[in-house]
Amino acid sequence: MKKLLFALFALTLFVSCSGSDKESTAPEKDYREENEQEIKDYITKNNLTAQRTDSGLYYIINEPGTGKQPTASSSVTVAYTGSFTSGKTFDQSSSAGITIPLKEVIQGWTEGIPLFKEGGNGTLLIPAHLGYGSRARPGIPAGSVLIFDVKLIKVN
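A brief structural summary. (Residues numbered from 1 in each chain as written. Predicted model: local features only at pLDDT ≥ 70, side-chain atom pairs only at ≥ 80, totals over all residues. Heavy atoms only, no water.)

### Points about the overall build of the chain
Moving on, step 1. Looking only at helices and strands, one finds three helices and seven strands in the chain.
Moving on, step 2. Counting from the amino terminus, the chain carries its helices and strands in the arrangement α-α-β-β-β-β-β-α-β-β.
Moving on, step 3. Per-residue burial for the chain yields a buried fraction of 43% across its 156 residues.
Moving on, step 4. In the chain, once contacts between residues fewer than 6 apart in sequence are set aside, the share between residues at least 24 apart is 71%.
Moving on, step 5. For the chain, the accessible surface area stands at approximately 8,700 Å², while carbon and sulfur atoms represent 51% of it. (Helix = DSSP H or I, 4+ residues; strand = E, 2+ residues; numbered from the N terminus. Buried < 20%, exposed > 50% of the residue type's maximum accessible area, 1.4 Å probe, protein only. Contact = heavy atoms within 4.5 Å. Areas by Shrake-Rupley, 256 points an atom, 1.4 Å probe, with all protein chains shown as cover.)

### Quick notes on the nonpolar core
Moving on, step 1. Residues Trp 109, Ile 113, Leu 124, Ile 126 and Phe 148 are the most contacted members of the largest nonpolar core, which totals 24 residues.
Moving on, step 2. Residues within four places of Ile 113 in sequence aside, it is in contact with Pro 70, Val 76, Val 78, Leu 102, Leu 124, Val 150 and Leu 152.
Moving on, step 3. The next biggest cluster of nonpolar side chains, apart from the first, holds eight residues, and it includes Ile 39, Tyr 42, Ile 60 and Val 145. (Core = buried A, V, L, I, M, F, W, Y, C linked by side-chain atoms within 4.5 Å.)

### Remarks on the pairing of strand β3 (residues 75–83)
The side chains of a regular strand alternate between both faces of the sheet.
Moving on, step 1. Summarising burial for β3: eight of the nine residues are buried, a large majority.
Moving on, step 2. With four bridges connecting them, β3 and strand β5 (residues 98–101) associate as antiparallel partners. What sits directly across from Val 76, in β5, is Ile 100.
Moving on, step 3. Bridge count for β3 against strand β4 (residues 89–92) is three bridges, and the pairing is antiparallel. In the strand pairing of β4, Ser 83 is matched with Thr 89. (Pairing = 2+ DSSP bridges.)

### Overview of the packing of aromatic side chains
Moving on, step 1. Enumeration over the complete set of coordinates arrives at five aromatic pairs.
Moving on, step 2. Each ring, one from Tyr 80 and one from Trp 109, has its centre 5.4 Å from the other, and the planes form 80 degrees; the classification is edge-to-face. Placement of Tyr 80 in strand β3 and of Trp 109 in helix α3 (residues 107–112) is noted, with a sequence separation of 29 residues between them. Pair check on accessibility: Tyr 80 and Trp 109 agree, each one buried. (Phe/Tyr/Trp six-rings, centres within 6.5 Å; stacked < 30°, edge-to-face > 60°.)

Geometric values such as these leave the question of function open.
What follows is the structure, given as structure tokens:
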């Protein structure tokens, strides 16, 4: 069962990164402004202190970790819970985590996971343009802000 869940998660993340813009005839909607406000409101409502990267990724480092630090091309083992700003969980790994190459995930993970060292944990608040954009995915509406509580277990 664990292998099946990993395979579905990896496939979903891989397909999201490998899709061609030519496949869709509908124009992409830009959710940046509304996502930015949604993230700011979430941070305020939950009394969080987050940092923002130039790309628009917000992150909170609870524990930076002390081990190796991955790069955007690393393969990592990460335990995570994915939710929306409403608090509804859409995906979750086991506490043992999943192993996945950062080149094969959404851009928010490729950029955000390298902010931690092994043993580190925190939260990534990912706007749609760094996630799935204006394309809906099973259980994830188009334009969604994705919140991932992550723990970097290992850089492989």
